[in-house]
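Remarks on the overall topology
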Amino acid sequence: MEYDTKRSLASIRYKSSGPLSSVLVKIQAHQRANKKSGWIKNLECLKSTELPNKECLKSKGRLITAQEHKFLERKTINPFKNRKFVAVSCAWEPSSTSPTDIATGGYYIKSRTSKDLNPSEVRDIVLDRIIEYTKHCRGTGVFWIDKECIDQDDRGLQHEAMQNMHWVYGLSKFPVGLLSLCVESPEEIDLLTTILEGGFTTSECRELSQGSGSGKLREALDLLRSIVSDKWWDRAWIFQEEYCSTTRMKLLIPHHKSLEGQKRNAGATLGNIPGEICFRAVDFRKQATKFCLSYERIQPQQGKLCCWIIQRVARYTHILKKSRAMSPYIYSEIGNRGITIPSDILTIAANCCNYSTYLEPTLLRERC
């Protein structure tokens, strides 16, 4: 199977061994019903725990004590009956090479097949942040994260999970996306608060641009550029996770510890998670899009940067006419993001568009 999403229809027709109609009929033979499987009804989640009575357990032949490491236990839930779990959306790769960002092995989990403990491959900082966030979600103590909750050694189960992963984010009451950049200054807190509260209206931007406030507008634009440069906005699978979460997806951005008081003074706008700024992704998309559209009108020379930010975060209701279908927007968004296996685009598109059938990517790779 050739990955031709970036090629024109004319070039595909030219390289095809027969009429495109015949190729499409051949591809159509590999469609499957898009229905939920038993995997999603028995969803493996994680929960922070302690070893009872400070007991020792084995990990690859050596003893692990409760004083040495932190521990997670596996919990199975049916999300159709219990939606109170955190669904984690984050990039697997660290955003930097700092020891804090890349460290793993601080958490241990019981093996699926024995009583041994295995070190988690999820980065410690990710688990630290998620466990803290989970404490603030009422009625839940469990979270789901793909790298640990999908058996990466079972290819069949992994494939089944990928076909059903949209259900995880669609059902979770607490989906959350982890960004890696850190807000470091009081000025950035103020700017982000103003952006999220819709303070930079077109008239406000015009008034600021005519005086000393023009620098503040540029700082707000630079802050948006930093936020949307995060790897979270890059991956096609993460697009599916947010899209299927609808308006429930929240974003976490870490901040310097000295800014805790100032953040809390902003009230509900920035949340009350210690060490984190927390807001709904849909609110950020809406206000960032509105700000960039306003800023571009009064500062046309910044049009290229504004368009780039809008492309990354656009709230489609602000850029699409009401009569426009959503599917072209979905295809465009997926195509503009990174993906390790291009044929996974078929699964993501089918899930986001809620198609009743999908094209089986494994069979297409093998036979087409």
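Below, the structure is looked at part by part. These numbers were taken from a predicted model, which means no experiment stands behind them.

1. Details of the environment of C292
With respect to the secondary-structure elements, C292 resides in helix α13 (residues 281-298). The class of C292 is buried, set by a relative accessible area of 0%. Between the C-alpha atom of C292 and that of A314, which follows or precedes it by 22 residues, the distance is 9.7 Å.

2. Topic: the pairing of strand β2 (residues 43-49)
Judged from the 7 bridges that link them, β2 and strand β5 (residues 70-77) form a sheet pairing that is antiparallel. Paired with T49 across the bridge in β5 is F71. With 2 bridges connecting them, β2 and strand β9 (residues 142-144) associate as antiparallel partners. Paired with K47 across the strands is V142, a residue of β9.

3. What to know about the pairing of strand β6 (residues 86-89)
Burial along β6 is two-sided: V86 and V88 facing one way and A87 and S89 facing the other are all buried. Here 2 bridges tie β6 to β9, and the two strands are oriented parallel to one another. Within β9, the position partnered with V86 by the bridge is F143.

4. Things to note about unusual backbone geometry
One non-glycine residue, T246, adopts positive backbone phi at about 55 degrees. Judged by relative accessible area, which is 49%, T246 ranks as partly exposed. One non-glycine residue, N354, lies in the positive phi region at around 60 degrees. Its place among the elements puts N354 in the loop between α16 (344-352) and β13 (357-359). For N354, a relative accessible area of 67% puts it in the exposed group.

5. Side note on the nonpolar core
Generally speaking, nonpolar side chains in soluble globular proteins are found buried as a group. Judged by nonpolar contacts, the single largest core of 49 residues is most densely connected at L43, F85, F143, W144, I145 and V168. Take this core: its biggest share by element is 5 residues, from helix α5 (residues 124-135). If we skip the residues at most four places from it in the chain, I145 touches L46, V88, C90, V122 and V126.

About the thresholds
- Residues numbered from 1 in each chain as written.
- Predicted model: local features only at pLDDT ≥ 70, side-chain atom pairs only at ≥ 80, totals over all residues.
- Heavy atoms only, no water.
- Helix = DSSP H or I, 4+ residues; strand = E, 2+ residues; numbered from the N terminus.
- Buried < 20%, exposed > 50% of the residue type's maximum accessible area, 1.4 Å probe, protein only.
- Pairing = 2+ DSSP bridges.
- Core = buried A, V, L, I, M, F, W, Y, C linked by side-chain atoms within 4.5 Å.
- Contact = heavy atoms within 4.5 Å.

Function cannot be read off these values alone, since they describe shape.
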